[in-house]
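Spelled out, the chains give:
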Amino acid sequence: MTKRHKTESNAMWGGRFNAAPSDVMTQINASIDIDQRLWKQDIEASKAHCQMLVKQSIIAETEGKAILEGLEQVASEIENGSFVFKTEFEDIHMNIESRLKEIIGDVAGKLHTARSRNDQVATDFKLWTREACGVLIEKIVGFQAVLETLSQEHENSIMPGFTHLQVAQPVTLGMHLDAYWQMLSRDKTRIQDCTKRLNDSPLGACALSGTGFPTDQDYTAKQLGFDQPMSNNMDAVSARDFAMEFLFCCAQCGLNLSRLAEEVILWSTPQFGFVTLSDEWSTGSSIMPQKKNPDAAELVRAKTGRLNGNLIQLMTVMKALPLAYNKDMQEDKAAVFESFDIACLCLDAMSGMMGSANFHLARMRDAAEDGYATATEMADWLVRNLNMPFRDAHHITGKIVKLAEGQSCRLDQLDLVDMQAIAPQITDDIYNSLTLEKAVQSRR
Ligand code: ARG
């Protein structure tokens, strides 16, 4: 069955076409629902381009003025919500240009001189991503401040440190939380690095090979706050590694948050009992009245799935794409917008949740006390005081731990004679090494 086409062809490239696209073609081609988020950047870049066209005498000053004023009006219409985004105009670039034409007439068509949507979209998208990097960095710094306050407050709050999720050695809550501060610090510098690398301007590359018009790419780059124009026009319109790098930054940050979220989930169980989340950051159960669930933490943990998925999605789109621009690349924005939103939301949630959490310090200390967390200290004492090879000290301490287990007591509650039955040279000085505070201090 053949589809009947509407008779009018497309306003932007209708010259070569006799028929309008089918409805499904219009639908699959349109990206306006997603890329309308680029409107500010699109107008900003169009203004810079227009100013350059005037400066280079490619269009007349009066024409440039009309275009700039028209763009201002479009901006205010979008801002105040009166602008109507239309699927038939496909994307943000053509929606804005067609409205500009309604406002200022045919002179609007001059704006696209020496420009293509290919360099236009790459420019808009880079401007957007650069701004998003700034917002993310602010949010990371905000969460780091929460962690820093908690770390300082709990500098001496003893808790068990785990390996394999088994009690390993005593640490402090401050040290534990500071580990996350450090991870976030790397997330921050990673985004700063991403910002630096993306800050080259694609504008002026046109469709792929540049233009015969005497444009000034340095000028537009400077106007838009880029460090310089990109050096290769084909690369300029087809590079999306900046977007994938940004997606990786979001995924890595989300992944770090998900590790803390997981710990909060464990710690808030009655079995651990290390923390109670504030009511504001918990939910109840509709059937089990006793429940207080750490939903925000669970969702932060789960959102990693989408953050990782978005990275893989765009990498899959870009894999094996020939140079230069391909329409496939239109599928780049949804992933980046969504990952940005998710990363912001997760950082806000973790800031609120951690900032209002109530830690149960006595319970944490007891857990360190109960788990033979000072066994390494005991082995180290044997090495230091009896000049034993560490492997032997490890073996003897293992026997002593087994003994304590049999007596259901802690290491420091064992009788000296019982320990001496295992290693006769042990003196009661060994008890000095078995306090949690000693163990933590000796490892500062
Ligand atoms: N909406 C398009 C995108 O996001 C803009 C570029 C279109 N270029 C083209 N040659 N059809 O990629």
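Calculation criteria
- Residues numbered from 1 in each chain as written.
- Predicted model: local features only at pLDDT ≥ 70, side-chain atom pairs only at ≥ 80, totals over all residues.
- Heavy atoms only, no water.
- Helix = DSSP H or I, 4+ residues; strand = E, 2+ residues; numbered from the N terminus.
- Expected span 1.5 Å × (residues − 1).
- Contact = heavy atoms within 4.5 Å.
- Patch = residues over 30% accessible without salt bridge, like charges linked within 9 Å, V, L, I, M, F, W, Y side chains within 5 Å.
- Areas by Shrake-Rupley, 256 points an atom, 1.4 Å probe, with all protein chains shown as cover.
- Salt bridge = Lys/Arg side-chain N within 4 Å of Asp/Glu carboxyl O.
- Buried < 20%, exposed > 50% of the residue type's maximum accessible area, 1.4 Å probe, protein only.
- Core = buried A, V, L, I, M, F, W, Y, C linked by side-chain atoms within 4.5 Å.
- Pairing = 2+ DSSP bridges.
- 1 Å grid on protein atoms, 1.4 Å probe; cavity = no way out; pocket = protein on both sides within 12 Å on 5 of 7 lines; lining within 4 Å.
- Points joined across faces, edges and corners; volume = space filled by probe spheres on them.
- Nonpolar A, V, L, I, M, F, W, Y, C, P; charged D, E, K, R; others polar.

Engineer: Teacher, can you tell me more about helix α4 (residues 61-79) here?
Structural biologist: Because the α-helix completes a turn every 3.6 residues, residues three or four places apart line up on one side. In this model, α4 (19 residues) spans 27 Å end to end at C-alpha, consistent with the 27 Å of a helix rising 1.5 Å per residue. Structurally, α4 contributes buried residues whose contacts are with α3 (39-55) and α5 (92-104). A positive backbone phi angle near 85° is found at Gly81, which sits one or two residues after α4.

Engineer: For this particular structure, what's the right way to read a nonpolar patch on the surface?
Structural biologist: On the surface, a cluster of nonpolar side chains totalling about 260 Å² of accessible area is made up of Met12, Trp13 and Phe17. What makes Phe17 partly exposed here is its relative accessible area of 41%.

Engineer: Explanation requested: the nonpolar core in the structure shown.
Structural biologist: A general trend in soluble globular proteins is that nonpolar side chains are found buried together. Counting residues in each nonpolar core, the largest one holds 87 residues, and the members touching the most others are Phe143 and Met354. Take this core: its biggest share by element is 15 residues, from helix α10 (residues 241-267). Discounting chain neighbours no more than four positions away, the residues touching Met354 are Phe143, Val146, Leu150, Leu177, Leu260, Val264 and Phe359. Core analysis: the second largest hydrophobic core is formed by 20 residues, Tyr372, Val401, Leu411 and Ile426 among them.

Engineer: What is the right way to look at unusual backbone geometry in this model?
Structural biologist: Glycine aside, a negative phi is what most residues show, and trans is what most peptide bonds show. Across the junction of Leu323 and Ala324, the peptide omega takes the value 0°, indicating a cis bond. With respect to the secondary-structure elements, Ala324 resides in the loop between α11 (295-318) and α12 (333-355). If you check the backbone angles, Glu90 has positive phi at about 65° while not being a glycine. The residue Glu90 is located in the loop between α4 and α5 in this model. A relative accessible area of 4% means that Glu90 is categorised as buried. Positive phi, close to 60°, is recorded for Leu165, a residue that is not glycine. With respect to the helices and strands, the residue Leu165 is situated in the loop between β1 (158-163) and β2 (166-172).

Engineer: Any chance you could explain the pairing of β2 here in plain terms?
Structural biologist: A regular strand places its side chains so that they alternate between the two faces of the sheet. Alignment of β1 against β2, held across 6 bridges, turns out to be antiparallel. What sits directly across from Ile158, in β2, is Thr172. Taken together, β1 and the strand that follows it, β2, pair antiparallel across an intervening segment of 2 residues, in which His164 is found at a positive phi of about 55°.

Engineer: Whenever I open this one, empty space enclosed by the protein confuses me. Can you help?
Structural biologist: Taken as a whole and judged by the stated rule, the model has 3 cavities of 30 Å³ or more. Of the pockets and cavities examined, the largest cavity occupies roughly 70 Å³. Residue lining of the largest cavity: Ala368, Glu369, Tyr372, Ala373, Thr374, Arg410, Leu411, Asp412, Leu434 and Leu436, and that is the complete set. When its residues are assigned to classes, the lining of the largest cavity shows 6 nonpolar, 1 polar and 3 charged.

Engineer: Looking at this structure, how should I read the pattern of salt bridges?
Structural biologist: Side-chain pairing between opposite charges can occur once the charged atoms of the two side chains come close. Across all of its chains, the model carries 25 salt bridges by this definition. For Lys110, the salt bridge goes to Glu63, with nearest N and O atoms at 2.8 Å. Of this pair, Lys110 sits in the loop between α5 and α6 (117-153) while Glu63 sits in helix α4; the two residues are 47 residues apart in sequence, bridging distant segments of the chain. For Glu63, a relative accessible area of 18% puts it in the buried group. One salt bridge connects Arg117 with Glu90, and the closest N-O pair in it is separated by 3.1 Å. One end of the pair, Arg117, is in helix α6; the other, Glu90, is in the loop between α4 and α5, and 27 residues separate them in sequence. Each of Arg365, Glu369, Arg410, Asp412 and Glu437 takes part in a single network of salt bridges with overlapping partners.

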